[in-house]
Each structure stands twice: as structure tokens, then as C-alpha cells.
Amino acid sequence: MDSLLLLSFLFLTAGIIMVPIASRLGLGSVLGYLIAGILLGPLLAWLGVDVVAIQHIAEFGVVMMLFLVGLELEPKMLWHMRTRLLGLGGLQVAVTAALIMGVVMLLGQPWTVSLAIGLILTLSSTAIVLQTLGEKGLMKSDGGQASFAVLLFQDIAVIPMLALLPLLALPELADLAHDGGHGAAHGDAHGDGHSDENGDAHGDEHGWSINLVDALPGWLRAVVTLAAIGIVVVGGSYLTRPIFRFVDTAKLRELFTATALAMVIGIAVLMTAVGLSPALGAFLAGVVLANSEYRHELESDIAPFKGLLLGVFFITVGAAIDFGLLGSNLLTVLALTIGMVAIKAGVLFVLAMIFRVEGSDRWLFSLGLAQAGEFGFVLISFTLANNVLPREIADMLLLVVALSMMLTPGLFIFYDRFIAPRYAKAQTAEPDEIDEGGTIIIAGHGRFGGIVNRMLLGQGFQTVVLDHDSRQLEMLRTFGIKVFFGDATRPDMLHAAGIDSARMLVVAIDGREQATELVRHVSTNHPDVYIVSRAVDRHHVYELYAAGCRDIIRDTFDSAVRAGRSAMEGMGVHPYDAQRRSKEFASADRKALAALAPVYDPSLPGHQNKEYVRRVKEIAAQQEAELRGEKKAYSARVERAWSPPTLDDVQAETEAAQGGEFSKP
Amino acid sequence: MSRLLVYHAHPAPRHSRANKAMARAARWIDGVTWVDLYQDYPRFDIDADREQARLLDHDVILFQFPLFWYSSPAIIKEWFDITLEHGFAYGAGGTALEGKQMMLAVTAAGAEDAYTAEGYQHFPLRTFLTPMEQTARLCKMSFETPYVLYGALRAAEDHALSDHAHGFASLIQSIREDTYDFEAARQREVVRAADLTILCGERADG
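Values in this document were obtained by computation on a predicted structure and should not be read as measured data. (Residues numbered from 1 in each chain as written. Chains lettered and ligands numbered in written order. Predicted model: local features only at pLDDT ≥ 70, side-chain atom pairs only at ≥ 80, totals over all residues. Heavy atoms only, no water.)

Peer 1: Looking at this structure, how should I read the overall build of chain A?
Peer 2: The number of helices and strands found in chain A is 31 helices and six strands. Sorting the 665 residues of chain A into buried and exposed places 47% on the buried side. Within chain A, counting contacts between residues at least 6 apart in sequence, those at least 24 apart form 74% of the total. Total accessible area computed for chain A in this model is approximately 32500 Å², and 64% of it derives from carbon and sulfur atoms. (Helix = DSSP H or I, 4+ residues; strand = E, 2+ residues; numbered from the N terminus. Buried < 20%, exposed > 50% of the residue type's maximum accessible area, 1.4 Å probe, protein only. Contact = heavy atoms within 4.5 Å. Areas by Shrake-Rupley, 256 points an atom, 1.4 Å probe, with all protein chains shown as cover.)

Peer 1: Teacher, can you tell me more about the overall build of chain B here?
Peer 2: Along chain B, the regular secondary structure elements total 10 helices and six strands. In chain B, buried positions account for 56% of the 206 residues. Sequence-distant contacts in chain B: of pairs separated by 6 or more residues, those separated by 24 or more amount to 75%. Surface exposure of chain B reaches about 9300 Å², of which carbon and sulfur atoms provide 51%.

Peer 1: In this structure, what is going on with the packing of helix 13 (residues 240–248) of chain A against helix 23 (residues 470–478) of chain A? I would like to understand it.
Peer 2: Angle between the axes and distance between the axes: these two values describe a pair of packed helices. Residues and elements named next belong to chain A. The geometry of helix 13 relative to helix 23 is characterised by a closest axis approach of 11 Å and an angle of 150° between their N-to-C directions. When the axes of helix 13 and helix 23 are compared, the pair comes out roughly antiparallel. Here Arg241, Arg245 and Asp248 of helix 13 come into contact with helix 23, specifically with Ser470, Glu474 and Arg477. (Axes fitted to C-alpha atoms, helices over the stretch in contact; angles between N-to-C directions. Parallel < 35°, antiparallel > 145°, perpendicular 65-115°, else oblique.)

Peer 1: Can you help me understand the side chain of Asp467(A) in this one?
Peer 2: Residues and elements named next belong to chain A. As for its placement among the helices and strands, Asp467 is situated in strand 2 (residues 462–467). Buried charge without a salt bridge: Asp467, with Arg534 as the nearest opposite-charge side chain at an N-O distance of 8.9 Å. Within the structure, the side chain of Asp467 is placed 2.7 Å from the backbone nitrogen of His445, a separation counted as a polar contact. Apart from residues no more than four positions distant in its own chain, Asp467 is found in contact with Gly444, His445, Gly446, Gln472, Leu473, Val483, Phe484, Phe485 and Gly486. (Lys, Arg positive; Asp, Glu negative; His and termini not counted. Salt bridge = Lys/Arg side-chain N within 4 Å of Asp/Glu carboxyl O. Polar contact = N/O pair within 3.5 Å; in protein donor to acceptor, adjacent residues only side chain to side chain.)

Peer 1: I keep staring at the pattern of salt bridges and nothing clicks. Help me out?
Peer 2: Applying the stated criterion across every chain, the model contains 30 salt bridges over all chains. Where Glu543(A) meets Arg512(A), a salt bridge forms, and the shortest distance between an N and an O atom there is 3.4 Å. Within this pair, whereas Glu543(A) is found in helix 26 (residues 538–547), its partner Arg512(A) is found in helix 25 (residues 512–525), the two being separated by 31 residues in sequence. A relative accessible area of 18% places Glu543(A) in the buried class. Among the residues examined, Arg512(A) registers a relative accessible area of 23% and is labelled partly exposed. Its salt-bridge partner being Lys140(B), residue Glu653(A) comes within 3.9 Å of it at the nearest N-O pair. With Glu653(A) in helix 31 (residues 647–659) and Lys140(B) in the loop between helix 6 (130–138) and strand 5 (142–143), this pair bridges two chains. For the pair shown, Glu653(A) and Lys140(B) are each scored as buried.

Peer 1: Teacher, can you tell me more about the environment of Leu4(B) here?
Peer 2: Residue and element names in this part refer to chain B. Note that Leu4 resides in strand 1 (residues 4–8). Distance in space between the C-alpha atoms of Leu4 and Ile61 is 6.2 Å, their sequence separation being 57 residues. Among residues more than four places away in sequence, those in contact with Leu4 are Val32, Thr33, His58, Val60, Leu62, Ile172 and Ile175.

Peer 1: How should I be thinking about empty space enclosed by the protein in this particular structure?
Peer 2: Gaps between atoms show up when a probe of the same size as a water molecule is rolled over them. Under the counting rule described, the total for this entry stands at three cavities of 30 Å³ or more. Lining the largest cavity are Arg580(A), Lys583(A), Glu584(A), Arg637(A), Arg640(A), Ala641(A), Asp45(B), Ile46(B), Ala48(B), Ile82(B) and Glu85(B). Elements with a contribution of two residues or more to the lining of the largest cavity: helix 28 (575–596) and helix 30 (636–640) of chain A. Among the elements that line the lining of the largest cavity, the one with the most residues is helix 28 of chain A, at three residues. Along the lines of polarity and charge, the residues of the lining of the largest cavity split into four nonpolar, no polar and seven charged. (1 Å grid on protein atoms, 1.4 Å probe; cavity = no way out; pocket = protein on both sides within 12 Å on 5 of 7 lines; lining within 4 Å. Points joined across faces, edges and corners; volume = space filled by probe spheres on them. Nonpolar A, V, L, I, M, F, W, Y, C, P; charged D, E, K, R; others polar.)

Peer 1: What's the story with helix 8 (residues 159–176) of chain B in this structure? I'm lost.
Peer 2: Every α-helical turn comprises 3.6 residues, leaving residues that sit three or four positions apart pointing alike. Residues and elements named next belong to chain B. For helix 8, built from 18 residues, the straight-helix expectation of 26 Å at 1.5 Å per residue is met to within 8% by its first-to-last C-alpha distance of 26 Å. Where helix 8 is concerned, the buried positions are Leu161, His164, Ala165, Gly167, Phe168, Ala169, Ser170, Leu171, Ile172, Ser174, Ile175 and Arg176. Asp178 sits one or two positions beyond helix 8 and adopts a positive phi of about 60°. (Expected span 1.5 Å × (residues − 1).)

Peer 1: Even after reading the chapter, I still don't get the confidence of the model for chain B, so can you show me in this structure?
Peer 2: Low-pLDDT stretches of the model should not have their predicted coordinates read in fine detail. Overall, the prediction assigns chain B a mean pLDDT of 92, with 98% of residues at 70 or greater. Listed scores for the predicted complex are pTM 0.64 and ipTM 0.81. (pLDDT = per-residue confidence, 0-100.)

Peer 1: For this particular structure, what's the right way to read the sheet that holds strand 1 (residues 439–443) of chain A?
Peer 2: By definition, the strands of a sheet pair up through backbone hydrogen bonds, in either a parallel or an antiparallel sense. Residue and element names in this part refer to chain A. Reading across from one edge, 3-2-1-4-5-6 is the order of the six strands in this open sheet, with parallel pairing throughout. This sheet does not close on itself; its edge strands, each paired only once, are strand 3 (484–485) and strand 6 (551–554). Direction of pairing for strand 5 (residues 530–535) relative to strand 6: parallel, over a ladder of four bridges. By the bridge assignment for strand 6, Arg534 is matched with Ile553. (Pairing = 2+ DSSP bridges.)

Peer 1: Would you explain unusual backbone geometry in this entry?
Peer 2: Leaving glycine aside, a negative phi is the common case for residues, and trans is the common case for peptide bonds. Residue and element names in this part refer to chain B. Despite not being glycine, Tyr70 shows a phi value in the positive range, around 60°. Of note in the backbone geometry, Asp178 takes a positive phi value of approximately 60° without being a glycine. Along the polypeptide, Asp178 turns up in the loop between helix 8 and helix 9 (182–185).

Peer 1: I would appreciate a short explanation of a nonpolar patch on the surface in the present structure.
Peer 2: All names here are of chain A. A cluster of nonpolar residues, Leu12, Ile16, Ile17, Ile21, Leu25 and Leu308, forms a patch on the protein surface that exposes about 600 Å² of accessible area. Here Ile21 lies in helix 1 (residues 2–24). The class for Ile21 is partly exposed, based on a relative accessible area of 41%. (Patch = residues over 30% accessible without salt bridge, like charges linked within 9 Å, V, L, I, M, F, W, Y side chains within 5 Å.)

Peer 1: Looking at this model, I keep getting lost on the layout of surface pockets. Mind explaining?
Peer 2: Residues and elements named next belong to chain A. For the second largest pocket, the calculated volume is near 1900 Å³. What lines the second largest pocket is a set of 47 residues, and nearest its centre among them are Glu72, Lys140, Glu299, Ala496 and Gly498. Mapped onto the lining of the second largest pocket, the elements with two or more residues apiece are helix 4 (60–71), helix 8 (126–136), helix 9 (142–164), helix 16 (295–319), helix 22 (447–458), strand 2 and helix 24 (491–496). If you tally residues by element for the lining of the second largest pocket, the top one is helix 16, at eight residues. Both domain 1 (2–424) and domain 2 (439–555) contribute no fewer than three residues apiece to the lining of the second largest pocket. (Domains from an automatic or database assignment.)

This is the structure in C-alpha cells:
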């Protein structure tokens, strides 16, 4: 227990210190974690910590990440990207593996070893690339989409690889393994947690993992596998809603987190049990839930765990670098790494040309995916355990993979500094057109937010609607309106709903204080997001103004003005006159409000705020003067408009014409 | 340095090509007050005091708009109705605008030969602008020769539009710098982009 706490403390502290430093230096979080790992390495070695065992646990972060990736990806979109997924992804894996295999064979390795190395190195780092693309907001770019297609194909390709790699086993290594005994032949750093009989990459390191399918005949195994996938798809589609509704009755925030975690872990266990990749299972579950109204809730619950686990994962990658081996083979490792990165980038670049990924996106795609990835580590330990690779080569490969992952942030920085600016110039020539893209987050879908949503959808805008009343949600769903479950006042929920890339937030929730808090949070942390907020009354307007909102709508004001206009019409005022008078009234009232809002101080009661009291008196005096007829009333402008010239005016013009100065044609 | 006030009016910018191109070329010129009327008054509640103050602050008032039904878009008429009050712009004591200049920059869909007695519009373009011309005169302002683009729809497809838009920018620049020859322009029915090389003086390059 103590050692667990100590380890957690060490990992967390290392990350907390290094990641902000790395971010400030523009290196990105992944490199920060890697550096933290390198610095932490000697200490962990001194404490005798099994870094690789921790790495296996931390790999669960990859499972969570794929679940989140799935959540972002509706089945429709997946179908839409099928050409790229199969074409771009398939060709990348096949061509890269073949090229690397050829090069390794030229270096004098047998074809089995070469093929294994080719397959291991063809995989890129889903964790680094998706994390970095997400941080840089490049996920939606063409390069980001193409990268995602390739990564997804690679993640799926791992499954057949795990099935096929054992067939490449070297007989002499197998003999050695049997003679020398498992642990002695492999050392204790790698692979000993992996059981040979289990075809799966994750989860099996816990030692007690269940495997249902090994004892079964082939056809039954297929049936069980399909059944497991069926459970994920059907369960995801039909059980999520009743489960969340049930959990919602407790009204406890942490229960949602528990449910989300239980779902992901349950899927991972199920997939492991039938010999499938938990990452793939989680991805599938994510895709199934992408259309669900609980999507953002799940996202905000899982995201912190994913982030932390991936952080730990990267720290272990840094810590596992064998500097002794690296020091003695520095040039070889460097040459191999650079060679590999060059081959991968080259293949990607050519494929990008064939698949018409243009401009800066092509570079993003080629440079971003040029590293080897975390699945490489998994496959290395797996092939080592299956006697496919000799120990020296495996250790060397580990260094190459780790080093290439460490180079990736550098390549992204290179892209940011040198490539993106070159293309950016060419694209910003005509900034005049108003970009109508970008999403609008609507907080609250009651009588107020609902109308706003309908208007915006009618104009073709993208809205993300959040409401935390699960009964209201059910009702809306029957009418085909898409609303997500979630409390918009929670920052993590807003994050999941996409506040980072949103253009606008419409605050339409009932709670007065909550609305103010929400406005304060968003205007402070996301100053680029335009906020429209509903106010309950005059003082709420001041509070929202102080919180940073500049577009505030009192929820009953406009209808009251319309009622006043109807009353005027009913009293026989000419409808157009009534219309202009009501407009004039509203604008005078808004002006008074705007004059008072900046001096209102929410921390002071109104009567203690001298400036506020002074202005209130001023405005009251003015209104009184208007009532007594001493000053022009708010309707003066209405009275003035279209007033006919007097006889004096006509006389003046006639005289001027006779004077002749301006009458010449 | 003339103080120039441009009122731009197009009720449907999404359909606009000619006036949008003109605005894009000219609205960033320094020292010119640019007012997009439909943007400023989306609900048509024109503020007479504010507009009168604007007029007092400037020497040349230029209205830029597409011709709709032989007249300006509705908001310009509304602006006239509300802003040009008796006692301010005309009538007894109405001398606030005396000596200022009013000018129009108009785009018309019809070709030049349509605006002739023989053409399908039956009248020259200037005839349709006479209400505004006389408005200027009654307000004791001089009415300057309008800057006109004929065949505005077709112009978008060839060089005519970009010439006209760049011409608009040089026109505004030279009015501001007092190099525009108003006197020579008054000899013409309308001013076209091609005429500006002579009228804009030495700073014609814009």
C-alpha cells in the first residue's frame, strides 16, 4: 500500500513538474511526460520498481483513449471514411512493413526476424499522435482525419498481427527457451508477465485473466467471439439509457464516473476473455454510444482517467530507456531511428499524394505518423515471449521505438514553425467572408433554450445542447430532437461538449446563480467564446454583466413589451405608432440598464454602492422630468419622425428659391 | 483633407457581388467614416440625433447602393425621412448642411444602352436619381455626378467589376485628399471607372 502511494506520488509529481515546463517551451505534453520518465528512471531503478509492469497497466489508457475516439466517431462517419481507412491505412501498413523488412534483410537478418521488425515498426503511436493533434486542434483538419484513418487501421491490424507473429518463431530460440527455462532466458525486464498461450496484448499481465475460448474448438470460438461483439453493440445501444436513468435517480455525480469506468473496464475484460483486443472492443463500444445522449457525460467522466494513465504510460516509456545500451550503441540506434522515421515518412508522403491529401496537411500526415508506437512495445514483448526475436534485437528495437516517439514532438514543432506558416500565408488572402462554421453550445433546453436551438438549427448552424433533466431528455428524444445529458455548469462537461472549439455559448438554464457562475467560468477561461445569456431580472443582468457577458436578454422583457404594444393597439393607438413607441420604450430601457450595469458591484448591496445609487437617482430624475413634461419623453423621437414642415418652412424655401442661390438647375 | 462619410446600404449582403466587392476594396481606407446602414440599423430604428451629428462632422456624404426598382434600398429612404428634418436640413433655420456635398455610387443590373429613351428602361439613369438630386439641393448641398456601374451582374464575370471596385477605392482616396476634380466630373452624366484616371488627379493609382 505504502509503495503504491509512494509510486503514485512520484509519477504524479514528475508529471506535474515537467509537463507545464515542456508545454511552456512549446514541446507538448507527451515530451514532457517522456522527460519526466527519463528523470525519474534512475530513482525507480534504485527503488527496484518494475517499470514494465506499470507500463502494462498504464496501457489501459490506450483502451480508454480508443473508447473516447469511438465516442467522437459516429458509424456514419466511419462508413464515410472507409476508402481512407482501408486504402490509406492498408497500404501504409503493407508498404512500410515490406520496405522495413527489406532493409533489415539487407542488414543480414533472417526473413522471419525482418518481417517481425517490419510489422512492429509500421505501427505509429496512437497515443502521441491523437493527443498532440487534439491539443493543437488539428483533429478536424484533412491531415488529422487521414492520420486518424491510418491509426485506426493500425489498431485493428494489431489483432491479426498478434495471431500471426507466433508462426514466425525461430526454432533455435524456442529450444533455448525450453532449455534455459522461461524466466532465465528472458531476463525479468520484459515479457515475463505475458503468457504464451494468450493471444492478447492487454489485460493478461494481471495474472488471473480469464480466457474462455482457448479450450474451445475453432468454430465455437468464432461463435463466442461474435457473441461478445454482439453483447457490446446491443448492450451499448439498448442498456445504456436505462442504466443511466437508474443511476440518475441517486443524483450523485461520482456514480456516473463509476458507471462509465465500469463500462469500459467491463468491455475490456469481456474482450480479453474471448481473445480480442480490449482497445478494439472499447473503440466499438465508443462508436455504438456516439449517437447516445450520454456521450458527453461519458466523455467527461473517462477523459481524466485516460489522460492520467497515458501520462503514466509515457513516463514509463521514458523511464524504461536503457541508457547503458543506448550509450554503447548511440550511433547505431540513432541511424536506425532516423532511417526508420525517413522510410515511414517517405511512404506516408507518397500515399498522401496518391490519396490527395494536400498542402500543409500532407506534411502533417507524413511527419506526424513517422514514429513507432506503444503497440510496438506490446508487440516487442510479445514476439520476445514467442521466440520470434532474439533478446539483443528486441532491446535494440525498444530503444529505436522509444527514441522515435521522443522525436515526434520535435517533428510536430518542425511542422508548426516551418511548414504550417508557409501554407498559412497562401490561405489567408481573403478573410472577408464570414465563417459560419463552429459549434454553438446551448446550456439548457427548456422553453427558452429550446426556441433558440430551433432557430439556430433552422439556419443550418451546428448546436450541441446540454440538459441535465433525464425526463426532459426522453421527451425531446421522442420528437427527434438531439440533446445530450449533462450539467453544463461543470467545466469538464463543457470541455467534453467542445467548448474549446466552440464559437458561442447560449446560457438558458433556470438557476440564476448557476447561470452567472457558468458565464464567469467561460468568459474567464474561454474569452474567444461569444456568450448570449438569459437573465431572470434586472439585477441578474448586472450580475451577468459583471461576470463578463455582454449579450444579455431578460427572459420576460420582450414579451412584456409586446403585451404593452398590444394594449396600446387595443386602446386605439395606430398599430405602426404603437410599434414605434414600444421599440422606443425598449431601447430607452436598455440604455438605462447599460448605463447602470458597469457600476453595479455584485459584492455590494445596491444601496451601499455610491456610484450606482448616484446613477439610479440621475435616471429616476430624468424619468420624472419626462413625466412632468419638462424633458423629451422616450417617445419624443417617435413624435418627431415624419412631422410635416410648418408653413414657415415652406415660406423659407420659397424665399430661398427667389433668392436663387440653390435653385439653378 | 475632406471629411468623407460613406453610407453603404445593401439589404442582402449574401446576394451582393458588386457592392460587396466595392466595400471590400474601399472600406479600410484611413480617415473615412464607413457606415453600413443595414448593419447599424437592422431593426430600422434610425437615430435622428446620431445621424445628424454624423452629417455635421463631415463635408462629403456618399451613398453607395444597388438600384432597386429605380430607387435606393428602403433604408436609405427611411434614413432621409428620419434624419433630414425641417429646421435642420431645410425649411426655416434649416441650414446645417449648407455647402456640403452629396454623391451617389450606384450599381445597376441593366446595361448602359438599356438606360436610354430607346432601351428597355426608357429613361437615362440620372432621371431615376432626380429625387435624391433635388433632396440634396433642397438641403443646400451640391449634388455630385454619380459613380456608376452598369451591367453589374455581368460585370462580376469579367474584369469590369474589379476595375470598378478598385476605381471606387481610388475615388474615395482622392476625394479625401482633395485631388478629385468635382468640377470636371459635373460635365458628365455619370462617372465610370475608366473616367477616373483623368478625374482623380495625380493620385489616381489609389
